[in-house]
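Examination of the molecular architecture
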Amino acid sequence: MSLERPLAPDPYDLLPPQPAFTLKSEDLQDGKPLEDTFAHDSVGGGNVSPQLSWSGFPAETKSFVVTCFDPDAPTGSGFWHWVAVNLPPTVTELARGAGSAEGGLPEGAFHIRNDYGTLSYGGAAPPAGDREHRYVFAVHAVDVDVLDVTWDVSPAVVGFNLAFHTLARATLRSTYRVS
């Protein structure tokens, strides 16, 4: 079976442009491979979400949404690894492991079911032998206190809501490949 296919576009190249702010990580480097710690346990990883911190967002920000998306998954629709919504504007950092199903998000924030079907961060796990996949970690500065979504909506519904409520966006892009 061949997984040859065209390279998918960066998802944010397809949306209306937004102002940018700064996203940093002690665990990720933009354009560099993820460590196994941040890969899914199905490929021998630790399935731990990376530390993220952000600054320079608009003063009128009322909440944040954190996402991780793989546009290179052989699905026709990519693969959502992490969606955390309704982080208060006073939270400008998530510690390593904050994407755990056991907690780690601030009060009022919650996970949307990822494409693994879990309410947590799900690490990188491209098919063995497939090309290097890109993982787009994004923090969205939002103009409402809470997005009008529940934990059981799809990540696409969150994305739709973000189209109308994002003030600015910060991104880091990492890669991962299973030999």
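These remarks concern the structure in this document.

**Quick notes on the packing of aromatic side chains**
Tallied over the full model, the rule gives seven aromatic pairs. Residues W54 and F64 carry aromatic rings whose centres are separated by 5.4 Å and whose planes lie at 65° to one another, so their mutual orientation is edge-to-face. Remark: F64 occurs in strand β3 (residues 63–70) and W54 occurs in strand β2 (residues 52–55); sequence separation between them is 10 residues. Since its relative accessible area comes to 4%, W54 is described here as buried. Residue classification places F64 among the buried residues on the basis of a relative accessible area of 0%. An aromatic cluster is built from F21, W54, F57 and F64, whose rings are joined through pairwise contacts.

**What to know about the sheet that holds strand β1 (residues 22–24)**
Taken in spatial order, the three strands make up an open sheet running β1-β2-β5, and their pairing is antiparallel. Edge strands, defined here as strands with exactly one partner in the open sheet, are β1 and β5 (93–94).

Thresholds, definitions, all that
Residues numbered from 1 in each chain as written. Predicted model: local features only at pLDDT ≥ 70, side-chain atom pairs only at ≥ 80, totals over all residues. Heavy atoms only, no water. Phe/Tyr/Trp six-rings, centres within 6.5 Å; stacked < 30°, edge-to-face > 60°. Helix = DSSP H or I, 4+ residues; strand = E, 2+ residues; numbered from the N terminus. Buried < 20%, exposed > 50% of the residue type's maximum accessible area, 1.4 Å probe, protein only. Pairing = 2+ DSSP bridges.

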